[in-house]
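In case you want the letters, here they are:
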Amino acid sequence: MKLFLDTADIDEIRTGLRWGVIDGVTTNPTLFARVGGSYDDVVRQICKLTSGPVSAEVIADDVEGMLREGRHFAALAPNVVVKIPMCENGLEAISRLADEGIRTNCTLIFTANQGLLAAKAGAALLSPFIGRLDDINEDGLTVIRELADIVNLHELESEIITASVRHPRHVTDAALAGAHIATVPFKVLRQMIHHPLTDRGIEAFKADWAKAAAEAAAKG
Ligand code: E4P
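Describing unusual backbone geometry
- Not every positive phi belongs to a glycine, and N137 is a case in point at roughly 65°.
- Assignment of secondary structure puts N137 in the loop between α7 (130–135) and α8 (140–153).
- The exposure class assigned to N137 is exposed, which follows from its relative accessible area of 74%.
- For S164, which is not a glycine, the phi torsion comes out positive at approximately 60°.
- Its place among the elements puts S164 in the loop between β7 (159–162) and α9 (168–177).
- For S164, a relative accessible area of 8% gives the class buried.

Printed below as a string of C-alpha cells:
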C-alpha cells in the first residue's frame, strides 16, 4: 500500500518525506489555490523533492486543450502524472496521452464503471473520491472494493488511488479493500501517527525514567 500526500504545500511535503512514509503527491486546482504562485513552479519543486509520481491536473475541457496541458506538464519533470477528469473528452485525452507514453491519473471517479473505463482508456492511476460520496450519504468504500475486484479479476494494469480521504479510518478501510494507494491530506497523515495511548505512554516512560534517574542521583 502506497501513501501519497494530497497537497501542494511544499513544507507539508518536505515533512512527510522526512518521515519516510510518502511515495508520491497529488495536487489539484483547489489545493494549488491554497498556496498560489506559479503552478509550473510548484509542480517542478515537488518533483525535485520526490522521485515518486506527482499528479498535475489539467484545466481545459476540450481534448486538444487537455493534450496541450498534459504534454506541457509531462515536460516539466519525468515523474509528472497528468491528472484528467472522468468525462468523454477526458477519456480521449487519456487514451491519446497513453499512446504517447504519458502517464495519467483519471480523477473525479465516483463509480466502478467510470474506473473501468479509465483503465481501458489507459490511465495509470484511477482516483475514486470516497469522501465526497460519503458526504452525500453514499458509501465511497463500495466503489474501492468493486473497482479493486475488477482490476484484480481482469488483471488490469491501472492502480487505484483512494482520493478525497477525510480521516484515518478511510485509509485503513481503503487498504483492506484493495486500493493500491491512498492520497491523504497532511492533517490525516498526522492523525494516523498519533494515538492517545501512544502519546500518553511516551510521556509516562519519560517521567518514570526521570524519576529513576533522580533516585539514582540521590543515592550517589
Ligand atoms: C486527489 O487527487 C483529489 O483531488 C482530492 O483527494 C480531492 O479531495 P476533496 O474531496 O477533499 O476535495
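Considering the site of the ligand
- Around the ligand sit D6, T26, N28, K83, F129, R132, A163, S164 and R166, and that is every residue in its neighbourhood.
- Between an oxygen atom of the ligand and a side-chain N or O atom of D6, the distance comes to 2.6 Å.
- Interatomic distance of 2.8 Å between a side-chain N/O atom of N28 and an oxygen atom of the ligand.
- The protein chains hide 84% of the 340 Å² of surface that the ligand would expose on its own.
- Split into classes, the residues belonging to the shell around the ligand amount to 2 nonpolar, 3 polar and 4 charged.

What to know about the sheet that holds strand β8 (residues 181–184)
- Here we have 8 strands rolled up into a closed barrel, ordered β1-β2-β3-β4-β5-β6-β7-β8, and parallel in their pairing. For this sheet the average axis-to-axis angle between neighbouring strands, irrespective of direction, equals 30°.
- Across 4 bridges, strand β1 (residues 2–6) lies against β8 in parallel orientation. When the sheet's bridge partners are listed, F4 is paired in β8 with T183.
- Across the sheet, helix α5 (residues 88–99) touches β4 (80–85) and β5 (104–109), and the angle it forms with β4 is around 155°.
- In the packing of helix α6 (residues 112–121) onto the sheet, contacts are made with β5 and β6 (125–128), and the angle to β5 comes to roughly 165°.

Side note on the pattern of salt bridges
- Summed over the entire model, instances satisfying the criterion amount to 10 salt bridges.
- Among the salt bridges present, the one from E57 reaches K83, with a minimum N-O distance of 3.6 Å. Separated by 26 residues along the polypeptide, E57 in strand β3 (residues 54–57) and K83 in strand β4 bring together distant segments of the chain. Considered together, E57 and K83 belong to a single accessibility category, that of buried residues.
- Note that R96 and E92 form a salt bridge whose closest N and O atoms lie 3.4 Å from each other. Of this pair, R96 and E92 both sit in helix α5, separated by 4 residues, roughly a single helical turn.
- Taken together, the shared-partner salt bridges in this structure form one network comprising E64, E92 and R96.

With respect to the side chain of N79
- Within the fold, N79 resides in the loop between α4 (63–76) and β4.
- Among the residues examined, N79 registers a relative accessible area of 11% and is labelled buried.
- Of note is the side chain of N79, whose polar atom sits 2.7 Å from the backbone oxygen of T50.
- With residues up to four places along the chain from it excluded, the contact list for N79 reads C47, T50, S51, G52, P53 and V54.

Thresholds applied
- Residues numbered from 1 in each chain as written.
- Predicted model: local features only at pLDDT ≥ 70, side-chain atom pairs only at ≥ 80, totals over all residues.
- Heavy atoms only, no water.
- Helix = DSSP H or I, 4+ residues; strand = E, 2+ residues; numbered from the N terminus.
- Buried < 20%, exposed > 50% of the residue type's maximum accessible area, 1.4 Å probe, protein only.
- Near = heavy atom within 4 Å.
- Polar contact = N/O pair within 3.5 Å; in protein donor to acceptor, adjacent residues only side chain to side chain.
- Areas by Shrake-Rupley, 256 points an atom, 1.4 Å probe, with all protein chains shown as cover.
- Nonpolar A, V, L, I, M, F, W, Y, C, P; charged D, E, K, R; others polar.
- Pairing = 2+ DSSP bridges.
- Axes fitted to C-alpha atoms, helices over the stretch in contact; angles between N-to-C directions.
- Contact = heavy atoms within 4.5 Å.
- Salt bridge = Lys/Arg side-chain N within 4 Å of Asp/Glu carboxyl O.

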